[in-house]
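Summary of the model geometry
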Amino acid sequence: MKILIAVAGKTGTALKCGALLARLLPGAEVTDLELDCPDPAAYEAVIVGGAVRMGQLHRKARAFLEQNEATLLARPFGCFVCCAFAERGDEYLRRNVPPALLAHAAAARCLGGELDPKRLNGMSKFVIGSMARSMEKEARPAPALDPAAVRELAAAVRTELDR
Ligand SMILES: Cc1cc2nc3c(=O)[nH]c(=O)nc-3n(C[C@H](O)[C@H](O)[C@H](O)COP(=O)(O)O)c2cc1C
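Keep in mind the model is a prediction, meaning the values are calculated, not measured.

1. A look at the site of the ligand
The ligand sits among 24 residues. The nearest are K10, T11, T13, V52 and E114. In this structure, an oxygen atom belonging to the ligand sits 2.4 Å away from a side-chain N or O atom of T11. The backbone of G12 places a nitrogen or oxygen atom 3.2 Å from an oxygen atom of the ligand. In isolation the ligand exposes 640 Å². Once the protein is present, 94% of that is buried.

Next up, the structure:
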């Protein structure tokens, strides 16, 4: 069973989520949309995910969703975002995923996020520094991946495929 997991991020979290999903979905291939743009019609199911910056899903993930909407509507589909403010995940999904695709998705989830200054430089490092400080002030735990959400997304797509 061929499953495409197409991801786009800047510092590796979205790719990490893709790899975690692939471990739960035998036959899945992870593609980095920064490097490659596969044809989703060649797959039986597709998951698309990406990192959020300034409220926007990575442009390659957005473009992939928009350009392949009809193909994705015709097969089991799931999507995810990676972001630091998990409670805003549903808002980011609504804002960035075409509504028909969101309605069609077996699952659309925030899979959590990571803030690692070592992976960044310049303005990005400054932005996450201030995000991390405001989280600390509110005594919020540092953002992290959400393994339960990864499992739920994989299970929902698997269930659609088994139908
Ligand atoms: C410049 C910058 C802007 C960000 N903007 C947001 C944001 O608007 N909302 C949010 O929840 N997380 C935001 N984040 C956190 C990222 O979504 C998080 O670090 C995520 O794990 C990045 O995924 P990636 O490693 O695949 O790029 C931002 C991070 C950076 C560096």
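Further notes follow.
2. Focus: the pairing of strand β2 (residues 28–32)
Where strand β1 (residues 3–8) and β2 come together, 5 bridges link them in parallel fashion. Looking at the pairing, A6 lines up with T31 of β2. Since β1 and β2 lie parallel, the crossover through helix α1 (residues 13–24) that links them has a hand, and here it is right-handed.

3. Describing the packing of α1 against helix α7 (residues 147–162)
Contact geometry for α1 and α7: axes closest at 9 Å, N-to-C directions at 50°. Comparing the axis directions of α1 and α7 gives the class oblique. Handedness of the α1/α7 crossing: right-handed. Note on element contacts: α7 touches α1 through V150, R151, L153 and A154, opposite L20, L21 and L24. Class assignment of the residues belonging to the contact of α1 with α7 gives a composition of 6 nonpolar, no polar and 1 charged.

4. Observations regarding the nonpolar core
Ranked by size, the top nonpolar core spans 24 residues in total, and within it V46, V48, F64, L65, L72, F77 and V81 carry the most contacts. Only β1, β3 (45–53), α2 (59–67), β5 (77–82), α4 (89–96) and β6 (107–110) provide two or more residues apiece to this core. If near-sequence neighbours (up to four positions away) are discounted, F64 is found in contact with L4, A6, L33, C37, P38, P40, V46, V48 and L72. In terms of nonpolar packing, the next biggest core, distinct from the first, is built from 22 residues, I5, L21, A45 and A149 among them.

5. Describing the side chain of T31
With respect to the helices and strands, the residue T31 is situated in strand β2. Beyond its immediate sequence surroundings of up to four residues, T31 is in contact with L4, I5, A6, V7, D36 and P38.

6. Re the pairing of β3
The buried count for β3 comes to 8 of 9 residues, which makes it a mostly enclosed element. The sheet contact formed by β1 and β3 spans 6 bridges and is parallel. Its bridge partner being in β3, A6 is matched across the sheet by V48. Taken together, the 6 bridges between β3 and β5 define a ladder with parallel strand orientation. Bridge assignment links A51 to a residue of β5, and that residue is C82. Across 2 bridges, β3 lies against strand β4 (residues 56–57) in antiparallel orientation. Paired with R53 across the strands is Q56, a residue of β4. Hairpin connection, β3 to β4: the antiparallel pair is bridged by 2 residues, and M54 has positive phi, about 50°.

7. Thoughts on the side chain of R75
Relative to the elements of secondary structure, R75 occurs in the loop between α3 (69–73) and β5. For R75, the contacting residues outside a window of four places in its chain are P40, A41, Y43, E44, V46 and H104.

8. Focus on the UniProt feature "domain: Flavodoxin" (unreviewed entry) in the protein chain
Per the UniProt record, "domain: Flavodoxin" (unreviewed entry) is annotated on residues 4–137. Across residues 4–137, helical content stands at 42% and strand content at 23%; the span's end C-alpha atoms are separated by 40 Å.

So, how was this worked out
- The residue numbers shown here count from 1 along each chain, following its written sequence.
- Local features in this predicted model are restricted to residues of pLDDT 70 or higher, and side-chain atom pairs are both shown and tallied only at a pLDDT of 80 or more, whereas totals for entire chains, interfaces and linings draw on every residue.
- Water and hydrogen atoms were dropped before computing side-chain values, which therefore reflect all heavy atoms in the structure.
- To be near a molecule or strand, a residue needs just one of its heavy atoms within 4 Å of it.
- N or O atoms closer than or at 3.5 Å make up a polar contact, with two conditions inside protein: a donor-capable atom paired with an acceptor-capable one, and, for residues adjacent in sequence, both atoms drawn from side chains.
- Residue-level accessible areas treat just the shown protein chains as cover; the underlying method is Shrake-Rupley with a 1.4 Å probe.
- Here, any two strands with at least 2 DSSP bridges between them count as paired.
- Numbering of helices and strands runs from the N terminus, with a helix taken as a DSSP run of H or I at least four residues long and a strand as a DSSP run of E at least two residues long.
- Handedness of a crossover is defined as follows: with both strands directed away from the viewer, a clockwise route from the first strand across the helix to the second makes it right-handed.
- Axis definition: a line fitted to C-alpha atoms, over the contacting stretch in the case of helices. Angles run 0 to 180 degrees between N-to-C directions.
- The labels follow the angle: roughly parallel below 35 degrees, roughly antiparallel above 145, roughly perpendicular from 65 to 115, and oblique for the rest.
- Take the far helix as the reference: if the near one is turned anticlockwise from it by less than a right angle, the crossing is left-handed, and if turned clockwise, right-handed.
- Any two residues whose heavy atoms approach within 4.5 Å at even a single point are treated as in contact.
- Under the scheme applied here, ten amino acids are nonpolar (Ala, Val, Leu, Ile, Met, Phe, Trp, Tyr, Cys and Pro), four are charged (Asp, Glu, Lys and Arg), and all others, including Gly, are polar.
- Among buried residues, the Ala, Val, Leu, Ile, Met, Phe, Trp, Tyr and Cys ones that are joined through side-chain atoms within 4.5 Å form a nonpolar core.
- Categorising residues by exposure relies on relative accessible area from a 1.4 Å probe, with only protein chains included: less than 20% of the type maximum marks a residue as buried, more than 50% marks it as exposed, and the intermediate range marks it as partly exposed.
- UniProt positions are given in the numbering used here, feature names are shortened, and annotations may be inferred rather than shown by experiment.

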